[in-house]
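Structure assessment
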Amino acid sequence: MSILVMKFGGTSVGNAAAHRQAGAIIAGQVGAWDSVVVVVSAMRGVTDALIRGARTAAEGNGQMYRAIVAELRVDHYRTVDVLVAAGQERAGLLAQIDAYLDEFATFCRSVHVLGEVTPRAMDTISSLGERVNARILAAHLRQLGLQSVAVDATALIVTDRQFQKAAPLMERTRDRVAQVLGPSLQDGVIPVVTGFMGATEDGITTTLGRGGSDYSAAILGDALDASEVWIWTDVDGVMSADPRLAPEARVIPVLSSSEVGELAYFGAKVLHPQTIRPVVERGIPLWVKNTFNPTFPGTRIVRESESTPGTVKAVTTITGLSMVTVEGRGMIGVPGIAARTFQAVASCGASVLMISQASSEQSICFVIPGEVALPVTRALEEELALELARRDIDRVWSLDDVVIVTAVGTGMRGTPGVAARLFGALGDACINVIAIAQGSSECSISLVVAASDAVAAVRSVHDMVIANGAAGDATMPEVGLP
Ligand code: ADP
Ligand code: ASP
Ligand code: MG
């Protein structure tokens, strides 16, 4: 049985025109497959608005969420008015939207009274946009004459209890998916499943992390043994750089799962970092395509072994970071400093994005999100108080406003001189490299530079890629070679 899973991102279903475009794409695939399953995000900006409403309510602002309800009502009503003809279907849908917005307002009111929003509450609140939008898209498909129902992923994706970043329990999910979606698929009904969310075994709503609808599609693709998974977004595929930073960025036709994994981890927001594994490792073809340019083939994500050569295929950045350094000559040969350092970091709940240690062991530096720099340096000063007093460690300090620039490409493995070429490109652009680290998979090299140099760094590394035609063209010579 051939099954196609298609996911539409926020912009792809961001207004009535986009919904129409998505509807046409879906209608175009019906008949080409035994079954089509759709996963949908909230309309663009809606998740941000819901989160903002809950946060401001928790901070004591009892007005903001009300304004957000009014705005969201206007946006959703406007979309429905265009898409769904006046009548019972439209009236029912508008009533459902009102009910969800009332639910949001009630949650925010409670959060306002309590003065805090727990991760668990935030998951329930932030996933309302997907619930609404799945209903709108399903209604639109029905208007097009297709059979379709909205399905909440809380009935399908069973997760652990890690709110805000839940992981799926695949065996349970597989059973649920077969149970809940099986009959609809048999009857030729197109389920429109809410992205981003799932539920614990006992039914409490969870989310898979920001941008998690990609992951939802991958989980369903895996659970359904899908023939293919297509991620529809607002760019032509995975590009050699964020097109907003490097206008010259080009689409990469084929990328390996580890390359995409590395890109996603290091900030290329185009795919949720966890998306790739379940689908690609099982050999299910995964495509990233443009809703607004649907005939363009897009990017195909393949297994490692099927990957094409090419040294540096893409460059990406993570912004808003700080680099913390623990330094002192007394650290040389003293065991346990690194372990204690990272224990102290973990105690602040900070995630470390990159680590680099001087070979002389005189310093350890690591990069963390900027907002945790102060608590982390304080925790380190406390943990290492004795060593600081003895002057074994000279100081613990943080350099704020830095970014990580990462060059990605499997072909770096075993290709000498890639780092030199990267440094060369940055040197030519007069950009100072503060630290460097190579990914353990050897398919990425990350450099820390000042935030003010970020765009120039991306462009200079990108020019190096583009100039050599390596991105997207497997037949071209190595990057940097004349
Ligand atoms: P969606 O709502 O469809 O999931 P996202 O906004 O999450 O869309 O991801 C698509 C966006 O990712 C693009 O519009 C683009 O600006 C950004 N992006 C960042 N890096 C890249 C890259 N290397 N290739 C393509 N898009 C990228
Ligand atoms: N709507 C969610 C978010 O904005 C999930 C997604 O778009 O993938 O994070
Ligand atoms: Mg996304």
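Check the entry above for the structure.
A brief structural summary. (Residues numbered from 1 in each chain as written. Chains lettered and ligands numbered in written order. Predicted model: local features only at pLDDT ≥ 70, side-chain atom pairs only at ≥ 80, totals over all residues. Heavy atoms only, no water.)

What to know about the overall build of the chain
Each helix and strand in the chain was counted, giving 15 helices and 17 strands. Taken over C-alpha atoms, the radius of gyration comes to 24 Å for the chain, in line with the 23 Å a tight globule of 482 residues would show. Counting only C-alpha atoms and orienting by the principal axes, one finds that the chain spans roughly 75 × 60 × 40 Å. A total of 482 residues make up the chain; the buried ones form 53% of that total. The contacts of the chain with a sequence gap of at least 6 include a subset with a gap of at least 24, amounting to 75%. Total accessible area on the chain stands at roughly 19800 Å², and carbon and sulfur atoms take up 52% of it. Measuring between centres, the 38 positive side-chain charges of the chain sit 3 Å from its 50 negative side-chain charges. (Helix = DSSP H or I, 4+ residues; strand = E, 2+ residues; numbered from the N terminus. Rg over C-alpha atoms; globule rule 2.2 N^0.38 Å. Buried < 20%, exposed > 50% of the residue type's maximum accessible area, 1.4 Å probe, protein only. Contact = heavy atoms within 4.5 Å. Areas by Shrake-Rupley, 256 points an atom, 1.4 Å probe, with all protein chains shown as cover. Lys, Arg positive; Asp, Glu negative; His and termini not counted. Charge placed at Lys NZ, Arg CZ, Asp CG, Glu CD.)

Some details on the site of ligand 1
Taken together, 18 residues are adjacent to ligand 1, and Lys7, Gly10, Thr233, Asp234 and Met239 come closest. Within the side chain of lysine 7, a nitrogen or oxygen atom sits 3.0 Å from an oxygen atom of ligand 1. Contact between ligand 1 and methionine 239: a nitrogen atom at 2.8 Å from a main-chain N or O atom of the residue. Protein burial of ligand 1: of its 570 Å² of free accessible surface, 92% is covered by the chains. In the shell around ligand 1, the residues fall into eight nonpolar, four polar and six charged. (Near = heavy atom within 4 Å. Polar contact = N/O pair within 3.5 Å; in protein donor to acceptor, adjacent residues only side chain to side chain. Nonpolar A, V, L, I, M, F, W, Y, C, P; charged D, E, K, R; others polar.)

Digging into the pattern of salt bridges
This model, assessed by the stated rule, comprises 19 salt bridges. For arginine 131, the salt bridge identified is with aspartate 152, shortest N-O distance 3.5 Å. One end of the pair, arginine 131, is in helix α6 (residues 128–143); the other, aspartate 152, is in the loop between β3 (148–151) and β4 (158–159), with 21 residues separating them in the sequence. A salt bridge links arginine 282 to aspartate 222; the shortest N-O distance between them is 2.3 Å. Here the residue arginine 282 occupies a position in the loop between α10 (276–280) and β10 (286–290), and aspartate 222 occupies one in helix α8 (residues 213–223), the gap between them amounting to 60 residues. Judged by its relative accessible area of 7%, aspartate 222 falls in the buried class. (Salt bridge = Lys/Arg side-chain N within 4 Å of Asp/Glu carboxyl O.)

Regarding the site of ligand 2
Near ligand 2, the surroundings consist of Ser41, Thr47, Glu130, Phe196, Arg210, Gly211, Gly212 and Ser213. Between ligand 2 and the protein, one listed contact pairs a nitrogen atom with a side-chain N or O atom of threonine 47 at 2.7 Å. For ligand 2, an oxygen atom lies 3.0 Å from a polar atom in the backbone of serine 213. Classifying every residue of the shell around ligand 2 gives one nonpolar, five polar and two charged.

Re the sheet that holds β3
Across the sheet, which stays open at both edges, the eight strands sit in the order β3-β5-β2-β1-β8-β10-β11-β9 with mixed pairing between neighbours. On the outer flanks of this sheet lie β3 and β9 (254–256), each paired with one strand and no other. Sheet twist, expressed as the mean angle between neighbouring strand axes with direction ignored, is 20°. With five bridges connecting them, strand β8 (residues 228–233) and β10 associate as parallel partners. The residue bridging tryptophan 230 from the neighbouring strand is tryptophan 287, located in β10. (Pairing = 2+ DSSP bridges. Axes fitted to C-alpha atoms, helices over the stretch in contact; angles between N-to-C directions.)

Describing the packing of helix α3 (residues 64–83) against α6
In the contact formed by α3 and α6, the axes pass within 10 Å of each other and the chain directions differ by 10°. Considering their axes alone, α3 and α6 lie roughly parallel with respect to each other. Every residue of α6 that contacts α3 at His76, Thr79, Val80 and Leu83 is listed here: Val132, Ile136, His140 and Gln143. Residues belonging to the contact of α3 with α6 are distributed by class as follows: four nonpolar, four polar and no charged. (Parallel < 35°, antiparallel > 145°, perpendicular 65-115°, else oblique.)

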